[in-house]
Amino acid sequence: MSNISPMVSTNLYPQTALPFVESSGQQGRRDRTSIWCRAHEEGARQKRNNDEATKLYSIAGLLNSERALINTRPFRSPHHTVSTAALVGGGSVPRPGEVSLAHHGVLFMDELPEFPRDGLEVLRQPLEDGVVHIARVSASYAFPALFTLVAAMNPCPCGFYGDKFRECTCTPEAVKKYQKRISGPLLDRIDLHIEVPRLSEDELLQMQQGEASEKIRERVCKARKVQENRFTHPLPQTPSHYTEDTPPHPADQAAQKTPSPQANRPVYCNAQMGPAEIRAYCQPDEPVKELLRQAIQNLGLSARAYDRLLKVARTIADLENAEHITTSHVAEAINYRSLDRKYWGG
Ligand SMILES: [Zn+2]
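Residues numbered from 1 in each chain as written. Predicted model: local features only at pLDDT ≥ 70, side-chain atom pairs only at ≥ 80, totals over all residues.

Visitor: What is the right way to look at the overall build of the protein in this model?
Guide: A tally of helices and strands in the protein yields 15 helices and nine strands. Here the protein holds 346 residues, and the buried ones make up 30% of them. For the protein, the share of sequence-separated contacts (at least 6 apart) that also reach a separation of at least 24 residues comes to 73%. (Helix = DSSP H or I, 4+ residues; strand = E, 2+ residues; numbered from the N terminus. Buried ≥ 20, exposed ≤ 12 C-beta atoms within 10 Å, placed from the backbone. Contact = placed C-beta atoms within 7 Å.)

So this is what it looks like as structure tokens:
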């Protein structure tokens, strides 16, 4: 396949949290206690996540004597012929679907537009709320579904739209129809869109060794630590950037209309930030505001997409260990919304 576009939506939420405890003794003792408490908290959180996943697999009847516990983050990759019920959960006696079986893990959807449209639209709720609700006459059920969505798709039915080396044989209508199978609201909930063009023979032959995964992992873990430390402290007061002379943040406006069911959940990473955290930790200065203004105008970003753009920019800043979001962080985050720009925006 060529021109595959991996798309990622981050949406991992632990259900509950232990309070961060800090000793009131001497400095050295306090530091050691803090480290111990954090390690203890992480361990407890991981165990809780595993317990939740094990329960879901048990309800789905997927445990046996060889695999009685789920102790690693799950990775699910359903085929595109999967039914909507099997994808999000359902049945006369409701069972968890693939989104719940990927709880605290990854749901990989290859050939995303080939999935049934109904199933794709139903994904919107768990991507936003981290839970799937199923109503039956006798009862209603809620299955947790906090997963990272990773998806890939071709740009058109033949796979060569926009290809440098081979001509696309699809009609413009067919290309448009194919791409529109991914609706705007679903695309809004996907944080990173990356276009992967086909390599030429020379590029393939001269392929350089990339950065080792271990190195990337180290960097990611470091950024996650920065985020965990950030969210273990109480929220700062409303920053001066958001005073009477600045318009309300779009995320605040959206939150007033539809309060998030995640509002009372603990926050551990940027993907989980609600309007209050975004306001506190993603403060744009004037140059950043100007860039964002242009992005909103040019890409036609919704409040939700704007919100996610800021979170991605915050994460890019964290990877650089930068305290404030700068225009380069926002510009990079805008680059990761290539599908908005190239296909859906036009
Ligand atoms: Zn084509």
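Visitor: I tried to follow the nonpolar core on my own but got confused; where do I start?
Guide: Soluble globular proteins tend to pack their nonpolar side chains together in the buried interior. Within the largest apolar cluster, 29 residues are counted, with the highest numbers of intra-cluster contacts made by Val-99, Leu-123, Phe-147 and Leu-149. Elements supplying a minimum of two residues to this core: helix H1 (27-59), helix H2 (84-88), helix H3 (98-101), strand S5 (106-109), helix H4 (117-122) and strand S8 (148-151). When neighbours within four sequence positions are excluded, Leu-123 is seen to be in contact with Val-88, Val-99 and Leu-186. (Core = buried A, V, L, I, M, F, W, Y, C linked by C-beta atoms within 7 Å.)

Visitor: What is the right way to look at helix H12 (residues 286-299) in this model?
Guide: Since there are 3.6 residues in each turn of an α-helix, residues three or four apart along the chain are aligned in direction. For H12, built from 14 residues, the straight-helix expectation of 20 Å at 1.5 Å per residue is met to within 8% by its first-to-last C-alpha distance of 20 Å. All buried positions along H12 are accounted for by Val-288, Leu-291, Leu-292 and Ala-295. Each buried residue of H12 sits inside an arc of 100 degrees when the element is viewed along its axis, so together they form one side. Looking at H12, the residues exposed on the side facing more than 90 degrees away from the buried face are Glu-286, Arg-293, Gln-294 and Gln-297. The inward-facing, buried residues of H12 abut helix H14 (327-335). Directly beyond the C-terminal end of H12, a positive phi value near 60 degrees is found at Gly-300. (Expected span 1.5 Å × (residues − 1). Arc of directions from axis to C-beta.)

Visitor: How do you make sense of the pairing of strand S7 (residues 140-144) when you look at a structure like this?
Guide: The pairing of strand S6 (residues 131-135) with S7 spans five bridges and is antiparallel. Looking at the pairing, His-133 lines up with Ala-142 of S7. (Pairing = 2+ DSSP bridges.)

Visitor: Would you explain unusual backbone geometry in this entry?
Guide: Across the chain, the bulk of peptide bonds are trans and the bulk of non-glycine residues have phi less than zero. Unusually for a residue other than glycine, His-104 sits at a positive phi of about 65 degrees. By the secondary structure assignment, His-104 is in the loop between H3 and S5. A tally of 25 C-beta atoms within 10 Å means that His-104 is categorised as buried. If you check the backbone angles, Glu-111 has positive phi at about 55 degrees while not being a glycine. The residue Glu-111 is located in the loop between S5 and H4 in this model.

Visitor: Explain the packing of helix H9 (residues 213-231) against helix H13 (residues 303-319) here, please?
Guide: If you want to describe how two helices pack, look at the angle between their axes and the distance between the axes. Two elements in contact, H9 and H13, have axes separated by 9 Å at closest approach and are oriented at 115 degrees. By the angle class used here, H9 and H13 are roughly perpendicular. Classified by chirality, the crossing of H13 by H9 is right-handed. Residue-level inspection shows Arg-219, Ala-223, Val-226 and Gln-227 of H9 in contact with H13, the latter providing Thr-315, Asp-318 and Leu-319. Split into classes, the residues belonging to the contact of H9 with H13 amount to three nonpolar, two polar and two charged. (Axes fitted to C-alpha atoms, helices over the stretch in contact; angles between N-to-C directions. Parallel < 35°, antiparallel > 145°, perpendicular 65-115°, else oblique. Left-handed = near helix turned anticlockwise from the far one by under 90°. Nonpolar A, V, L, I, M, F, W, Y, C, P; charged D, E, K, R; others polar.)

Visitor: I'm lost on the packing of H12 against H14 in this one. Help?
Guide: For the pair H12 and H14, interaxial distance at closest approach is 9 Å and the crossing angle is 20 degrees. When the interaxial angle is binned, H12 and H14 end up roughly parallel. In the packing of H12 onto H14, the handedness of the crossing is right-handed. Where H12 abuts H14, its residues Pro-287, Val-288, Leu-291, Leu-292 and Ala-295 lie against Thr-327, Val-330, Ala-331 and Ile-334. Here the contact of H12 with H14 is composed, by residue class, of eight nonpolar, one polar and no charged.

Visitor: Teacher, can you tell me more about H14 here?
Guide: Listing the buried residues of H14 in full gives His-329, Val-330, Ala-333 and Ile-334. Each buried residue of H14 sits inside an arc of 140 degrees when the element is viewed along its axis, so together they form one side. Tucked into the core, H14 has its buried residues touching H12 and H13.

Visitor: Whenever I open this one, the environment of Ala-174 confuses me. Can you help?
Guide: Within the secondary structure, Ala-174 is located in helix H6 (residues 172-179). In this structure Ala-174 touches Cys-156 and Pro-157, once residues within four positions along its chain are discounted.

Visitor: Explain the confidence of the model for the protein here, please?
Guide: Low pLDDT marks stretches whose predicted atomic positions should not be read closely. Overall, the predicted model of the protein reaches an average pLDDT of 80, with 77% of residues at or above 70. Counting contacts from residues 11-28, a segment whose pLDDT is below 50, to residues more than four positions away or on other chains yields 38 contacts. Under a pLDDT of 50 for its full length, residues 251-263 has, in the predicted model, 19 contacts with residues more than four places off or in other chains. (pLDDT = per-residue confidence, 0-100.)

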